[in-house]
Amino acid sequence: SGKKRSLMTTIFEAKKHFQDRYRFEEGFVGVGICRLANEDALRIYVADAHFPLAQQLKRDAIFEGFPVVVEVSGRIQAFSQ
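If you're wondering where the values come from, they're calculated on a predicted model, not measured in any experiment. (Residues numbered from 1 in each chain as written. Predicted model: local features only at pLDDT ≥ 70, side-chain atom pairs only at ≥ 80, totals over all residues. Heavy atoms only, no water.)

(A) Highlighting the sheet that holds strand E4 (residues 66–72). In space, the four strands of this open sheet follow the order E1-E2-E4-E3, with mixed pairing throughout. Edge positions in the sheet fall to strand E1 (28–36) and strand E3 (62–63), since each has one partner strand and no second. Running at roughly 160° to E1, helix H1 (residues 11–22) makes contact with E1, strand E2 (39–46), E3 and E4 of the sheet. This element, helix H2 (residues 52–60), spans E1, E2, E3 and E4 of the sheet and lies at about 140° to E4. (Pairing = 2+ DSSP bridges. Helix = DSSP H or I, 4+ residues; strand = E, 2+ residues; numbered from the N terminus. Contact = heavy atoms within 4.5 Å. Axes fitted to C-alpha atoms, helices over the stretch in contact; angles between N-to-C directions.)

Below, the structure is given as structure tokens:
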């Protein structure tokens, strides 16, 4: 997962790679796709801005060549009806 984007990597592949790599990280809630400055970006949802993952993403701000937007969502819980 270098800083350069290969010509073959799509935003959807990058999203899957991110999910696979970070899904067990403390504070990780989810990942989505958004637009930032007219290009595709990854929107990363974290439980709290103080988790190491959130700090790292804010510092790096890029994953597989795509910009990263960190959003604090809190913990997301599914409610059964």
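(B) Looking closely at the side chain of Glu64. Locating Glu64 in the fold gives a position in the loop between E3 and E4. In this structure Glu64 is buried but unpaired, with Arg21 as the nearest side chain of opposite charge at 6.2 Å. Side-chain polar atoms of Glu64 contact the side chain of His17, separated by 2.8 Å. (Buried < 20%, exposed > 50% of the residue type's maximum accessible area, 1.4 Å probe, protein only. Lys, Arg positive; Asp, Glu negative; His and termini not counted. Salt bridge = Lys/Arg side-chain N within 4 Å of Asp/Glu carboxyl O. Polar contact = N/O pair within 3.5 Å; in protein donor to acceptor, adjacent residues only side chain to side chain.)

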